[in-house]
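# Tertiary structure, described
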Amino acid sequence: MPLEFSKDLVIYIKAGYPILNILSSEEDRVLERVDEIRRDTTLWKEGRELFVWTISRGWLTPEGQPAAKEDSRDPAQALAFVRNHERRALFLFKDFHPYLDEKSPNASLVIRLVRDLAPHLAATGKTMIWISPVLKIPAELEKDVIVLDMPLPTEAEYRAVLERFIERYGSSTKVVFNLAEEGKDLMVKACQGLTKCEAENALAKAIVGRGRLDVEDVRSILEEKEQIIRKSGILEFWGAVQDFGVVGGLANLKTWLKQRNQGFSQRARDFGLPYPRGVLLVGVPGCGKSLCAKAVAAEWKKPLLKFDLGRVFGPYVGDSEERMRKALSTAEGVAPAILWIDELEKGLAGASGGGGDGGVASRVFGNLLTWMEEKKKPVFVVATANDISRLPPELLRKGRMDAIFFVDLPSPTERAEILMIHLARRGRDPNEFDLPALVRVTDGFNGAELEEVVVGALYEAFTDKEGQAEPRLASRHLLKAASELVPLSRTRQREIGILREWAAKNCRAAARAPDATESERQASESLVEKQARLLDLG
Ligand SMILES: Nc1ncnc2c1ncn2[C@@H]1O[C@H](COP(=O)(O)OP(=O)(O)OP(=O)(O)O)[C@@H](O)[C@H]1O
Ligand SMILES: [Mg+2]
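Residue numbering note: each chain is counted from 1, following its sequence as written. Chains carry letters and ligands carry numbers; both start at the beginning, A for chains and 1 for ligands, and go up in the order they are written. At least 70 in pLDDT is required for a residue's local features to be given in this predicted model, at least 80 for side-chain atom pairs to be given and counted, and no such filter applies to totals for whole chains, interfaces and linings, which use all residues.

### Quick word on the overall build of the chain
Helix and strand definitions here come from DSSP, where helices need a minimum of 4 consecutive H or I residues and strands a minimum of 2 consecutive E residues; each element is numbered from the N-terminal end. Counting secondary structure elements, the chain contains 24 helices and 15 strands. Viewed in the frame of its principal axes, the chain has a C-alpha envelope of about 100 × 60 × 45 Å. Counting all 538 residues of the chain, 37% fall into the buried class. Within the chain, residue pairs in contact and separated by at least 24 positions form 79% of the contacts whose partners lie at least 6 positions apart. Labels follow a simple rule on C-beta atoms placed from the backbone: if 20 or more others lie within 10 Å of a residue's own, it is buried; if 12 or fewer, it is exposed; otherwise it is partly exposed. Contacts are defined on C-beta atoms placed from the backbone: any two residues whose C-beta positions lie within 7 Å are in contact.

### A short note on the domain arrangement of the chain
When cut into domains, the chain gives domain 1 (2-149), domain 2 (155-231), domain 3 (244-406) and domain 4 (412-445 + 447-486 + 507-534). Centre-to-centre separation of domain 2 and domain 3, based on C-alpha positions: 30 Å. Domain delimitation in this document rests on an assignment produced automatically or drawn from a domain database.

### Topic: the site of ligand 1
Near ligand 1, the surroundings consist of 18 residues, among which G288, K289, S290, L291 and G447 are the closest. When residues of the shell around ligand 1 are traced back to their parent elements, those giving at least two are α11 (289-300), α17 (412-425) and α19 (447-462). When its residues are assigned to classes, the shell around ligand 1 shows eight nonpolar, eight polar and two charged. Looking at which domains feed residues into the shell around ligand 1, each of domain 3 (244-406) and domain 4 (412-445 + 447-486 + 507-534) supplies at least three. The criterion for a residue being near a molecule or strand is a backbone-placed C-beta atom within 6 Å of that molecule or strand. Classes in brief: Ala, Val, Leu, Ile, Met, Phe, Trp, Tyr, Cys and Pro nonpolar; Asp, Glu, Lys and Arg charged; the others, Gly included, polar.

### Section: the sheet that holds strand β5 (residues 126-132)
Ordered by their spatial adjacency, six strands build an open sheet running β3-β2-β4-β5-β1-β6, and the pairing between neighbours is mixed. Taken across any chain shown, the strands that pair with only one partner, and hence form the sheet edges, are β3 (58-60) and β6 (145-149). Between one strand and the next, the sheet's axes are offset by a mean angle of 25°, whatever the strand orientation. One bridge is not enough; two strands pair if DSSP finds at least two bridges between them. Where strand β1 (residues 19-23) meets β5, five bridges bridge the pair, whose relative direction is parallel. Paired with L23 across the bridge in β5 is S132. All axes are obtained by fitting lines to C-alpha atoms, using only the stretch in contact for helices, and the reported angles, taken between N-to-C directions, cover 0 to 180 degrees.

### As for the pairing of strand β4 (residues 89-94)
Of all six residues in β4, five are buried; the element is thus mostly enclosed. Where β4 meets β5, six bridges bridge the pair, whose relative direction is parallel. Bridge assignment links F91 to a residue of β5, and that residue is M128. Place the viewer so that the strands point away; then a crossover is right-handed whenever the path from the first strand over the helix to the second strand goes clockwise. Since β4 and β5 lie parallel, the crossover through helix α4 (residues 107-124) that links them has a hand, and here it is right-handed.

### Examining the sheet that holds strand β15 (residues 508-509)
Here seven strands make up an open sheet; going across it, the order is β9-β11-β12-β13-β10-β14-β15 and the pairing mixed. Edge strands, defined here as strands with exactly one partner in the open sheet, are β9 (235-238) and β15. Where strand β10 (residues 278-283) and strand β14 (residues 403-407) come together, five bridges link them in parallel fashion. The partner of V279 across the bridge, within β14, is A403.

### Examining the nonpolar core
Grouped burial of nonpolar side chains is what soluble globular proteins tend to show. If you look at the biggest cluster of nonpolar residues, it comprises 62 residues, and the most contacted ones within it are L305, A331, I338 and L339. With seven residues, the top contributor of residues to this core is α11. A domain split of this core shows at least three residues from each of domain 3 (244-406) and domain 4 (412-445 + 447-486 + 507-534). With residues near it in sequence (within four places) discarded, A331 still touches L235, L305, A337, L339 and V379. Residues I22, F51, L92 and V114 belong to the second largest nonpolar core, which totals 30 residues. What we call a nonpolar core is a set of buried Ala, Val, Leu, Ile, Met, Phe, Trp, Tyr and Cys residues whose membership is set by joining through C-beta atoms within 7 Å.

### Side note on the packing of helix α7 (residues 196-210) against helix α8 (residues 217-231)
Closest axis-to-axis distance for the α7/α8 pair is 9 Å, and the angle between their directions is 135°. Of the possible angle classes, the one that applies to α7 and α8 is oblique. α7 and α8 meet at a crossing whose hand is right-handed. Judged by residue contacts, E198, A202, K205 and A206 of α7 engage D217, S220, I221, E224, K225 and I228 from α8. These descriptions rest on fixed angle ranges, namely under 35 degrees for roughly parallel, over 145 for roughly antiparallel, 65 to 115 for roughly perpendicular, and the rest for oblique. By definition, turning the near helix anticlockwise from the far helix through less than a right angle yields a left-handed crossing, and turning it clockwise yields a right-handed one.

### Some thoughts on the pairing of strand β11 (residues 304-307)
With burial as the criterion, each face of β11 is covered, one bearing L304 and K306 and the other bearing L305 and F307. Pairing geometry for β9 and β11, over four bridges, is antiparallel. Across the sheet, the residue bridging to L235 is F307, located in β11. Relative to strand β12 (residues 337-341), β11 runs parallel, the two sharing three bridges. Considered in β12, the bridge of L304 is made with I338.

### Side note on the environment of L152
Positionally, L152 belongs in the loop between β6 and α5 (155-169). Considering only alpha carbons, one finds L152 and E26, 126 residues apart in sequence, at a separation of 9.1 Å. Sequence-distant contacts of L152, that is, excluding residues within four places in its chain, are made with G193, T195, S329 and G333.

### Some details on α17
Because the α-helix completes a turn every 3.6 residues, residues three or four places apart line up on one side. Its 14 residues place the ends of α17 20 Å apart at the C-alpha level, agreeing with the 20 Å of an ideal helix rising 1.5 Å per residue. Those residues of α17 that fall on the buried side of the exposure criterion are T413, E414, R415, A416, E417, I418, L419, M420, I421, H422 and L423. In a helix, the anticipated span is given by 1.5 Å times the number of residues less one.

### Remarks on the environment of L534
Mapped onto the fold, L534 is located in helix α24 (residues 527-534). In the structure, L534 is positioned 121 residues away from T413 in sequence and 9.0 Å away in space, judged by C-alpha atoms.

### A short note on unusual backbone geometry
That bond from A335 to P336 is cis: its omega, 0°, falls within 30 degrees of zero. For D95, which is not glycine, the phi torsion reads 55° and is therefore positive. Inspection of the secondary structure assignment puts D95 in the loop between β4 and α4. Backbone geometry places L250, a non-glycine residue, at a positive phi of 55°. Tracing the chain through its elements places L250 in the loop between β9 and α9 (251-261). Residue L250 is classed as buried on the basis of its 31 C-beta neighbours within 10 Å.

Pasting the structure below:
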């Protein structure tokens, strides 16, 4: 990735783009990279000089010596230096963005100066490079500025950070290092998704805390990482522990997901397969969409990042694009990972409304779509939605998701399975209950309601003094709990009908078709499924 980044950088510089805005909070890494490419004699016939500007010191050489004869700290003076310089060069600005902000008193002057300078730069082999942690390009300059994301460090860079620590503290008697190659690998993997500075801090904290660095610290680095990611306020780390074993029914979806999991391997790369992109789960509420998203992560043993779209379009207008970029680049940093976007249509409510925010929301959503299509890192998106009328049609276009599944109300066999799962989870043996009767009275119940039946029945049994000295769950409690519950599907028949009609045209069914052949069934059937099927559900 950084290689690609360097390549892009060189292409833009050679092509005479006047201004490149590099988004990153890691100025040192950007500077290192720029310095590296401008020195690379294989890239240029005549090389490029490099100057670095800060508001506190004005123009400096890469070695930190003053580069301008006059004071160049003022932005207008800094731009004059660029104009007057007579050779091809790269001018790297740290923190230039505040002077372009409309709240800055001289913004209109600075913007005008930049606009006048841009054509001159293109013609003279000079390039301005702005480094900023946030994206703030005034509309007047949008045509002149190319925005580039500085990717997070590569494995090799994290490894270098780790080696530097070992080198620095290795001889100290106060710190014990006990890391074989394998331990180093784990540690480097744990750092993925952090900036270089964050990785350094996480390692330093681990060393200071215990006076040693060994494999046990991998966990503390992961915890530190969770903290940092949580602080971003948009992505949330989810400890996913329950795999497909807790999901009843939805056999087609489960089989499909198991198959896609193979797509992450090196063998799949060698075979020419692209990484799996993502899946959209549409369906009736309470039937296990969110549950599946969580289970995928546990089943695939990959970190689960919950992406709260609502917070991207949060209250601070103008920062949304920035937050979207940051979230996606963090997810890529943690890759391979699952990015879970729950209730997508709600998060996008701002995007389709277009209400008074200058189209920012739809632009941000556009960024998400483009990313879905172009991402090269193995970030698998699991998006869920209930309300199809609010789903933007662009999302359904081929190339963004690998598949769209419809999660319908559970069939009788699936209801048996779900009931069995929830009974077993509460320490009960499902074989002790009259499941066929229960399945008959729960027609139209969704998974959440079936779970509620089990919980309600447990309450019922707990307070039922009849007969036994000890409370004991019996079929009658389950049947009573079921009879007292009015399923959502009864009150929302019309909506569900519309949803099904739409799904028949646009989605695959998550559940196995009732007419699946015996061999199709056996190919993927789990023990619970089999038990459920063998029950006489007449
Ligand atoms: N297929 C299922 N197997 C087992 N449990 C289920 C299933 N479907 C739902 N449940 C139970 O119901 C709970 C709620 O389901 P979940 O949140 O996954 O539904 P959802 O489809 O995401 O609903 P919504 O559209 O309202 O978000 C789950 O945590 C689980 O306990
Ligand atoms: Mg849900």
